[in-house]
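Residue strings, one per chain:
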Amino acid sequence: MFRVEEEAEERTMSVCKNQDPRIHGIQTKIRVVPNFPKPGIMFQDITTLLLDPKAFKDTVDLFVERYKGKNISVVAGVEARGFIFGPPIALAIGAKFVPLRKPRKLPGKVISEEYVLEYGKDCLEMHIGAVEPGDRALVVDDLIATGGTLCAAMKLLERVGAEVVECACVIELPDLKGRERLNGKPLYILVETH
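A brief structural summary. (Residues numbered from 1 in each chain as written. Predicted model: local features only at pLDDT ≥ 70, side-chain atom pairs only at ≥ 80, totals over all residues. Heavy atoms only, no water.)

As a packed pair, helix 5 (residues 53–67) and helix 6 (residues 82–93) sit with axes 9 Å apart at the nearest point and diverge in direction by 50°. Considering the angle they form, helix 5 stands oblique to helix 6. In terms of crossing hand, the pair formed by helix 5 and helix 6 is right-handed. Along the contact surface, helix 5 presents F56, T59, V60, F63, V64 and Y67, while helix 6 presents I84, F85, P88, I89, A92 and I93. Grouping the constituent residues of the contact of helix 5 with helix 6 by class yields eleven nonpolar, one polar and no charged. (Axes fitted to C-alpha atoms, helices over the stretch in contact; angles between N-to-C directions. Helix = DSSP H or I, 4+ residues; strand = E, 2+ residues; numbered from the N terminus. Parallel < 35°, antiparallel > 145°, perpendicular 65-115°, else oblique. Left-handed = near helix turned anticlockwise from the far one by under 90°. Contact = heavy atoms within 4.5 Å. Nonpolar A, V, L, I, M, F, W, Y, C, P; charged D, E, K, R; others polar.)

Following this line, the structure appears as structure tokens:
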């Protein structure tokens, strides 16, 4: 019984609830841009976080501390901002980095997964053979909103026989309920914003 409760708690874990002192520094470096890319959107801009070497390093370090020693063999980064955080995490934990890209960006044979957005459809692609059956995968992106992109990423990895251990994002917009679309898959976030 205790293990089940512990697993449920771990699924909803975020560092901000643990009050890690680095979180405040990270949170203050994320710029909110109103009405971008369209009216009514409060865009969470991580480019200002990347301009601060300490905040950027703290962000990567928090993820590395969580995933080091978890036997993860693949870090899958979602285009495009998952490409910023994924590679340093992969290098630090000794995993390969696999880019999950928008259509027609990868040369060679790919598998693809379509997903629905608020304003239409999109698609993620991955090279065939980049991920193998039995690989333990971590999906990395900058932000989870409605969860469609992370769901597509997980489906791609699971279709080739990988086990998705967890999804990791810097920011969560909990009001958009993306976590609920992950079908119980653990999500680790650093900053919640409303």
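Right, let's get into the pairing of strand 3 (residues 74–78). Counting buried positions over the five residues of strand 3 gives five, a clear majority of the element. The alternating pattern of strand 3 places V74, A76 and V78 and V75 and G77 on opposite faces, both of which are buried. For the crossover that starts at strand 3, traverses helix 6 and ends in the parallel strand 4 (residues 96–100), the hand is right-handed. Across four bridges, the pairing between strand 3 and strand 7 (residues 136–144) is parallel. Among the inter-strand pairings, G77 is bridged to a residue of strand 7, identified as V140. (Buried < 20%, exposed > 50% of the residue type's maximum accessible area, 1.4 Å probe, protein only. Right-handed = clockwise from strand over helix to strand, strands pointing away. Pairing = 2+ DSSP bridges.)

What follows concerns the environment of V170. Secondary-structure assignment places V170 in strand 8 (residues 163–172). For the pair formed by V170 and A137, sequence separation is 33 residues and the distance between their alpha carbons is 17 Å.

Moving on to the sheet that holds strand 7. The strand order 4-3-7-8-9 describes an open sheet built from five strands, whose pairing is parallel. At either margin of the open sheet sits one strand with a lone partner, and together these are strand 4 and strand 9 (187–192). Sheet twist, expressed as the mean angle between neighbouring strand axes with direction ignored, is 20°. Direction of pairing for strand 3 relative to strand 4: parallel, over a ladder of five bridges. Counted as the bridge partner of V78 is L100 from strand 4. Sitting on the sheet, helix 5 touches strand 7, strand 8 and strand 9, and the angle it makes with strand 8 is about 155°.

Moving on, we get to the environment of V98. If you trace the backbone, V98 turns up in strand 4. Given the relative accessible area of 3%, V98 is considered buried. Once residues within four sequence positions are removed from consideration, V98 is found in contact with V74, V75, A76, G77, M126, A130 and V131.

For strand 8, the buried fraction is high: nine of the ten residues fall into the buried class. In terms of strand pairing, strand 7 meets strand 8 through eight bridges, oriented parallel. Looking at strand 8, one finds that L143 is bridged to I171. Once you follow strand 7 into helix 7 (residues 148–159) and on to strand 8, the crossover reads as right-handed. Two elements, strand 8 and strand 9, share five bridges in a ladder whose sense is parallel. Looking at the pairing, I171 lines up with V191 of strand 9.

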